[in-house]
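One-letter residues, chain by chain:
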Amino acid sequence: MKFWLVVPAAGSSQRFGGDQPKQFLCIDGISVLTHTLNRFLSHPDLLGVQVVLPRGQSAPDDLPSDSRIQSCTGGDTRRDSVLAGCLALTHRGAADTDRVLVHDAARPLLPRADIDALLQALTQSAAYLVAPVADTLRDHQGQTLDRDGIHRVLTPQGAELAQMIKALEQGPQGLTDEAAYLLQAGVETQAVVGDGINQKITWPRDLALAQALMSEVT
Ligand code: C5P
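Residues numbered from 1 in each chain as written. Predicted model: local features only at pLDDT ≥ 70, side-chain atom pairs only at ≥ 80, totals over all residues. Heavy atoms only, no water.

### Observations concerning the site of the ligand
In the region of the ligand, 16 residues are neighbours, and P8, A10, K22, S81 and K200 sit closest. In the environment of the ligand, an oxygen atom lies 3.3 Å from a nitrogen or oxygen atom belonging to the side chain of R78. Here an oxygen atom of the ligand and a backbone polar atom of A105 are 3.3 Å apart. When isolated, the ligand has an accessible area of 460 Å², and the protein chains bury 84% of it. When atoms are counted within 2 Å of each cavity's grid points, the one that captures over half of the ligand is the largest pocket. Here the residues of the shell around the ligand sort into five nonpolar, five polar and six charged. (Near = heavy atom within 4 Å. Polar contact = N/O pair within 3.5 Å; in protein donor to acceptor, adjacent residues only side chain to side chain. Areas by Shrake-Rupley, 256 points an atom, 1.4 Å probe, with all protein chains shown as cover. 1 Å grid on protein atoms, 1.4 Å probe; cavity = no way out; pocket = protein on both sides within 12 Å on 5 of 7 lines; lining within 4 Å. Sits in = over half its atoms within 2 Å of the grid points. Nonpolar A, V, L, I, M, F, W, Y, C, P; charged D, E, K, R; others polar.)

Put into structure tokens, the structure is as follows:
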């Protein structure tokens, strides 16, 4: 299935810290953003990519030179950034029923098999990648949760472009992933179990972990 891609890269990395947002730091001399984009650029069904950058910041020098990539400016929240990317795709001629995937710039460990599993699911409904929870989970009151009934939510997450835009425009601020907006809007949305290696770089040590795992991901 042909698809468009939005890569939100406009976050300020408050939890990671440092001078530069984590998505612009390098692993083996290549920016995290470019590692992430490279996971998709070799996909034969990719129509175009919208990279969403922080206000006032240009793309890293090593952004792949590929005519399918364009960039735009993000907003104060992830929702605003993803919405800006989706709206930019409509201006590039994407149709309402075209599928759009949203994938965090900070997740460079995405296996191709997971992209394909998600695209397969998108032939039926909106969909998003998840992974099983390994640890025991307990809430702050000491109540142990049934981990078999819980997933870790990953990206990519996808839907028809118009569905995604409507869900983001009409939903509240503050939800932290697109599937939450789609579900809240009443859009049928399925979870697809993917490979838990697709971790988000969040804290400084995640960069070293991503570097160590990079060659494990095909
Ligand atoms: O902060 P967090 O790690 O949850 O961000 C996930 C992704 O969303 C990152 O790639 C980040 O750059 C992006 N983001 C964004 N605009 C924001 C906040 C986050 O594009 N305002």
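### Notes on the layout of surface pockets
By volume, the largest pocket amounts to about 860 Å³. Around the largest pocket sit 36 residues that line it, and G11, R15, T77, R78 and K200 are the ones nearest its centre. Within the residue set of the lining of the largest pocket, elements represented by two or more residues are α2 (78–91) and β10 (151–160). Considering each element in turn, the lining of the largest pocket owes the most residues, four residues, to β10. Looking at side-chain class alone, the lining of the largest pocket contains 11 nonpolar, 15 polar and 10 charged residues. The computed volume of the second largest pocket comes to approximately 290 Å³. Contributing to the lining of the second largest pocket are 15 residues, with R152, Q199, K200, T202 and D206 lying nearest its centre. Here the residues of the lining of the second largest pocket sort into eight nonpolar, two polar and five charged. (Points joined across faces, edges and corners; volume = space filled by probe spheres on them. Helix = DSSP H or I, 4+ residues; strand = E, 2+ residues; numbered from the N terminus.)

### Brief notes about the packing of α2 against helix α4 (residues 161–170)
As a packed pair, α2 and α4 sit with axes 10 Å apart at the nearest point and diverge in direction by 145°. Once α2 is placed against α4, the crossing between them reads as left-handed. Here R79, V82, L83, C86, L87, L89 and T90 of α2 lie close against α4, whose contacting residues are L161, M164, I165, L168 and E169. Split by residue class, the contact of α2 with α4 holds nine nonpolar, one polar and two charged. (Axes fitted to C-alpha atoms, helices over the stretch in contact; angles between N-to-C directions. Left-handed = near helix turned anticlockwise from the far one by under 90°. Contact = heavy atoms within 4.5 Å.)

### Overview of the pattern of salt bridges
According to the stated counting rule, one finds seven salt bridges in the structure shown. Here R78 ties to D104 by a salt bridge, and the two come within 2.4 Å at their closest N and O atoms. Taken as a pair, R78 in helix α2 and D104 in the loop between β6 (99–102) and α3 (112–122) lie far apart in primary sequence, 26 residues in all. For R78, a relative accessible area of 24% translates into the label partly exposed. Exposure remark for D104: the relative accessible area of 5% places this residue in the buried category. Linking D104 and R107 is a salt bridge whose minimum nitrogen-to-oxygen distance equals 2.9 Å. Within this structure, R78, D104, R107 and E178 form a network of salt bridges that share partners. (Salt bridge = Lys/Arg side-chain N within 4 Å of Asp/Glu carboxyl O. Buried < 20%, exposed > 50% of the residue type's maximum accessible area, 1.4 Å probe, protein only.)

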